[in-house]
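The chain contents come next:
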Amino acid sequence: MSNSFDILIIGGGHAGSEAAWISSQFDLKVGLISGPGASLASTPCNPAVGGVGKGQVVREIDALGGLMGIVADKAGIQYRTLNESKGFAVQSTRVQVDKELYTKYAEELLSSRDNLSIVREMVLAVKRNGEKFIVTTESGNIYSSAKVIITTGTFLAGKLHTGEEQKAGGRVECQESVGLNDLFSEIKTLPNRFKTGTPPRIDRKTINYSVMEPQESDFGTRNFHSLSEPFERNSKQVPCYLTRTNSETLSIIRANKERSPIFNGQIKGVGPRYCPSIEDKAFRYTEKDIHHVFVEPEGLNLESIYPNGISTSLPKDVQESFIQTISGLENAKILVHGYAVEYDVVDTSELSRLMEYKDIAGLFFAGQVCGTSGYEEAAGQGIIAGINASLSFLGKESLVLDRNDSYIGVMVEDLVSNRRDEPYRLFTARSENRLYVREDNTILRMNKYRKSLGLSTRLDFFQESIIDEVEILEKLVDSTMFYSTEANKEYFSLKDYGTLENNISLKELLRRPNLNPVIVLEAETVRVGAKFHSDAVRTVAIASKYEGYIDRAVIESEKINRMSKRRIDWEVLADSKNISFECKLRIKQIRPETFGQLQRIDGIRPATLAYVAGNLV
Ligand SMILES: Cc1cc2nc3c(=O)[nH]c(=O)nc-3n(C[C@H](O)[C@H](O)[C@H](O)COP(=O)(O)OP(=O)(O)OC[C@H]3O[C@@H](n4cnc5c(N)ncnc54)[C@H](O)[C@@H]3O)c2cc1C
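Residues numbered from 1 in each chain as written. Predicted model: local features only at pLDDT ≥ 70, side-chain atom pairs only at ≥ 80, totals over all residues.

K.L.:
I tried to follow helix 2 (residues 54-64) on my own but got confused; where do I start?
P.N.:
An α-helix turns once every 3.6 residues. As a result, residues three or four positions apart point the same way. For helix 2, the tally of buried residues reaches 11 of 11 residues, placing the bulk of the element in the interior. The set of residues buried in helix 2 consists of Lys54, Gly55, Gln56, Val57, Val58, Arg59, Glu60, Ile61, Asp62, Ala63 and Leu64. Where helix 2 ends, the next residue or the one after it, Gly65, has phi of about 105°, a positive value. (Buried ≥ 20, exposed ≤ 12 C-beta atoms within 10 Å, placed from the backbone. Helix = DSSP H or I, 4+ residues; strand = E, 2+ residues; numbered from the N terminus.)

K.L.:
Help me understand the packing of helix 15 (residues 517-527) against helix 16 (residues 534-545) in this model?
P.N.:
How two helices pack is summed up by the angle between their axes together with the distance between the axes. Their axes nearest at 8 Å, the elements helix 15 and helix 16 cross at an angle of 125°. With respect to helix 16, the element helix 15 is oriented oblique. For helix 15 against helix 16, the interelement crossing comes out right-handed. Between helix 15 and helix 16, the contacting residues are Pro517, Val518, Leu521, Glu522 and Thr525 on the first element and Val537, Arg538, Val540, Ala541, Ile542, Ser544 and Lys545 on the second. Residues of the contact of helix 15 with helix 16, tallied by class, amount to seven nonpolar, two polar and three charged. (Axes fitted to C-alpha atoms, helices over the stretch in contact; angles between N-to-C directions. Parallel < 35°, antiparallel > 145°, perpendicular 65-115°, else oblique. Left-handed = near helix turned anticlockwise from the far one by under 90°. Contact = placed C-beta atoms within 7 Å. Nonpolar A, V, L, I, M, F, W, Y, C, P; charged D, E, K, R; others polar.)

K.L.:
Would you mind going over the site of the ligand with me for this structure?
P.N.:
Taken together, 36 residues lie near the ligand, and Gly11, Gly13, Gly35, Gly153 and Gly367 sit nearest. Within the residue set of the shell around the ligand, elements represented by two or more residues are helix 1 (14-23), strand 12 (194-198) and helix 9 (375-393). Across the shell around the ligand, the residue classes break down as 13 nonpolar, 22 polar and one charged. Residue contributions to the shell around the ligand reach at least three from each of two domains, namely domain 1 (4-44 + 107-193 + 344-446) and domain 2 (201-342). (Near = placed C-beta within 6 Å. Domains from an automatic or database assignment.)

K.L.:
Explain unusual backbone geometry to me, please; I cannot follow it from the model alone.
P.N.:
Backbone phi values are negative for most residues with the exception of glycine, while trans is the configuration of most peptide bonds. Its identity is not glycine, yet Ala157 carries a phi of approximately 50°, on the positive side. Along the polypeptide, Ala157 turns up in the loop between strand 9 (142-150) and strand 10 (159-162). Residue Ala157 is classed as partly exposed on the basis of its C-beta count, with 19 C-beta atoms lying within 10 Å. One non-glycine residue, Asp496, lies in positive phi territory at about 65°. As for its position among the elements, Asp496 is in the loop between helix 13 (486-495) and strand 22 (504-505).

K.L.:
How should I be thinking about the sheet that holds strand 4 (residues 76-82) in this particular structure?
P.N.:
Strand pairing in a sheet relies on backbone hydrogen bonds. The paired strands run either parallel or antiparallel. With antiparallel pairing, the three strands of this open sheet are ordered in space as 3-5-4. A strand with exactly one partner marks an edge of an open sheet, and here the two such strands are strand 3 (48-50) and strand 4. The average angle at which neighbouring strand axes cross in this sheet is 20°, direction not considered. One ladder, built from six bridges, connects strand 4 with strand 5 (residues 92-97); its direction is antiparallel. Within strand 5, the position partnered with Gly76 by the bridge is Val97. (Pairing = 2+ DSSP bridges.)

K.L.:
Would you explain the pairing of strand 15 (residues 240-244) in this entry?
P.N.:
Here is the key point about a regular strand: its side chains alternate between the two faces of the sheet. Summarising the sheet, strand 14 (residues 213-215) and strand 15 pair through three bridges and their orientation is antiparallel. Within strand 15, the residue paired with Glu213 across the bridge is Leu242. Alignment of strand 15 against strand 16 (residues 292-297), held across four bridges, turns out to be antiparallel. Within strand 16, the position partnered with Tyr241 by the bridge is Val295.

K.L.:
What should I look at first to understand the packing of helix 2 against helix 9 in this one?
P.N.:
The interhelical angle for the contact between helix 2 and helix 9, taken along N-to-C directions, is 25°, at an axis separation of 9 Å. Between helix 2 and helix 9, the angle is such that the two are roughly parallel. Like other packed secondary-structure pairs, helix 2 and helix 9 cross with a definite hand, here left-handed. Note on element contacts: helix 9 touches helix 2 through Glu376, Ala379, Gly380 and Ile383, opposite Lys54, Val57, Val58, Glu60, Ile61 and Leu64. Here the contact of helix 2 with helix 9 is composed, by residue class, of six nonpolar, one polar and three charged.

K.L.:
Any chance you could explain the sheet that holds strand 17 (residues 304-308) here in plain terms?
P.N.:
Within the open sheet, the six strands sit side by side as 14-15-16-17-13-18. Their pairing is antiparallel. The open sheet has two edge strands, strand 14 and strand 18 (334-336), and neither has a second partner. Put simply, the sheet's adjacent strands are angled 35° from each other on average, direction ignored. Pairing geometry for strand 13 (residues 201-203) and strand 17, over two bridges, is antiparallel. Among the inter-strand pairings, Asp203 is bridged to a residue of strand 17, identified as Ser304.

Laid out in structure tokens, this is it:
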């Protein structure tokens, strides 16, 4: 193996694996260097992929040619459709995966790329050398590359906490990395480190499942990868279980506040507000003692169970006593205690929307090192960094996803528009356009981006065929009429479509409140003798059902975004006599490219926005 690469990725978590996978699809020489302790694309916390807002990201990654959806489908052991009761427009897929199988399949896929070399060692330093970067590893090996993507997750100067015990580490049983400034001295880090935590893992043999509520896998939930058979299951399906904390659990935790590293000052890092530890919950919601605990398998052949909802860094003896107060966990034996990890984070206001460090061309960042939390967020950034590093190497136009039609676009713009003061997690309320940015229409939303990459694979042909089918189906639902004849009335009654007083179109039928539009459209395509892919049927059925709402939401968000997309010259603003000194400091720091980015910067005053809107855009 030569030591010179076109693209070199440091860190093989979800961000790094995704960056390596997509970069290897361009005809480039790609290297992935990752520490020896953690397997590639490993899941150190909850082994589940997707969820509300995150399922959409997995499908967006998939439509761009990513890895996560393919691997999750192969390793999925329990499927759920979240928000099922709230209607199709806001539903998301969540797949519990077997953590051993997940990383096994990810490693197999990555190893199958001839132009991707995988090296397992820790990187100690990255330096610039003219147009290239020089990367030095722990064993003294030296690599050079035109582009470098740093995706080192929670490892940078990582410090683990369990009660009073503190030790260096990137995660349990993994060596930490040097800190971000030792790795690359020119990078600006955030002044506050971030932290995240994980629950204890429990021995499955010591759990009494009979008192818990089982949640079976849903065979009606679709796979993530668009080229997988939608409902095929590649692994055995197993249930998850639900139990709850109680007043005894919470009183043990409350009695040990002084011994909690997040409350006694031992942990300085800022934790994820949207993913609180059980001690956070105990003190934030003092009136509430009952919290859900989802008891989830980590794998088909693994003894360890992940109790979702009780991440903690309390001392080991406190963990042991509060766990045993929970119904079904009275005899639970802890295999690995919960812990928190603190780590360095890059200041993402120094990054462009390509995930490139603005002052160092060719250097990209992605994943938890950018202050996000979650596998999907990491993978979403990884694919954008990988694509843009590759396009930049090839001298091609870069890829920026619009926040109006993708959650990845929302996340990237949010990240680069502010200096983060807490871990970032995606949820649907972050999007102005969430009725449109759905799982079912991902191919429609993402195809123009995928096309712009100039790749030509089975995925591209598939996406084109879906788009053609959607067009034909849209015409069909508009033009198919049910006249109020006796035969049609009888047909409606037979199919349980409701009454047929007046003539109606198929589209009007799909909007009837008590009908499942997907089932109706499937039946009607069969009736007219046409065969369509179930993805196309689903997209058109859901879009028809909610057309009125979606159109209104799109118009509203377009109004917001028309102005937001206007480009601004931050250097002109930073020099303007009409803008306050404090606002100019923020503008110089963030260097916004659009009016929307300017709007999202904390501390920009309404008067500044009014001035810019009225005079400069
Ligand atoms: C204790 C813990 C709790 C978590 N809790 C949650 C949670 O509650 N909710 C949630 O959504 N997410 C949680 N996560 C986060 C989730 O694991 C991450 O969001 C996701 O794995 C980030 O992916 P990544 O690719 O950015 O980095 P990681 O998965 O951390 O991968 C980083 C990779 O970089 C490699 N590496 C690091 N430094 C170097 C170096 N110098 N040289 C070479 N290789 C290097 C490592 O070996 C590793 O393979 C938790 C993670 C941990 C560790």
